[in-house]
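Residues per chain, in single letters:
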Amino acid sequence: QVQLVESGGGLVQPGGSLRLSCAASGSIFSRYVMGWYRQAPGNQRELVAAITVSGNTNYADSVKGRFTISRDNAKNTVYLQMNSLKPEDTAVYYCYARRVGSDYNYWGQGTQVTVSS
């Protein structure tokens, strides 16, 4: 069982930056693939970024070059640094964790990101 708690969302102007954090507890963090999805009103949930156990990353095309995902296994935390934010980045951002070899995702409660002037 894994519990995930996100933080760091908020309101930011276009071109600004935010850093999301996701703290995990309840299991061995280093054995889990971690990542972020987002969901805007009326849209399906979409993958934003993911990071493997070994630190390999992948990103949605829409955020490449602007967002950076990282993990700190000592702190059981995954981060999403978001730069050059655009209004279309507005969504609820959800952290997820998936144990290597499993198809099951654990989810956080979500954190709202709003990009607006």
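Just above sits the structure.
Treat the numbers as computed from the prediction; the structure is a model and nothing was measured.

(A) Main features of the overall build of the chain. From N to C terminus, the chain includes zero helices and eleven strands. Ordering the α and β elements of the chain from the N terminus gives β-β-β-β-β-β-β-β-β-β-β. Here the C-alpha radius of gyration of the chain, 13 Å, is about what a compact globule of 117 residues would show, namely 13 Å. Considered along the principal axes of its C-alpha atoms, the chain spans approximately 40 × 25 × 25 Å. Of the contacts made within the chain by residues no fewer than 6 positions apart, 55% connect residues no fewer than 24 positions apart. Taken as a whole, the chain presents about 6,000 Å² of accessible surface, with 45% of it coming from carbon and sulfur. Distance between charge centres in the chain, computed from 11 positive and 7 negative side chains, equals 6 Å.

(B) Highlighting the nonpolar core. Leu4, Met34, Trp36, Val78, Leu80, Met82 and Tyr93 are the most contacted members of the largest nonpolar core, which has 30 residues in total. Put simply, the parts of the chain that give this core at least two residues each are β3 (18–25), β4 (32–39), β5 (46–51), β7 (67–72), β8 (77–82), β9 (91–99) and β11 (111–115). Ignoring anything within four residues of it in the chain, the contact list for Leu80 reads Leu18, Arg19, Leu20, Trp36, Val48, Ala49, Phe67, Thr68, Ile69 and Tyr93.

Criteria and cut-off values
Residues numbered from 1 in each chain as written. Predicted model: local features only at pLDDT ≥ 70, side-chain atom pairs only at ≥ 80, totals over all residues. Heavy atoms only, no water. Helix = DSSP H or I, 4+ residues; strand = E, 2+ residues; numbered from the N terminus. Rg over C-alpha atoms; globule rule 2.2 N^0.38 Å. Contact = heavy atoms within 4.5 Å. Areas by Shrake-Rupley, 256 points an atom, 1.4 Å probe, with all protein chains shown as cover. Lys, Arg positive; Asp, Glu negative; His and termini not counted. Charge placed at Lys NZ, Arg CZ, Asp CG, Glu CD. Core = buried A, V, L, I, M, F, W, Y, C linked by side-chain atoms within 4.5 Å. Buried < 20%, exposed > 50% of the residue type's maximum accessible area, 1.4 Å probe, protein only.

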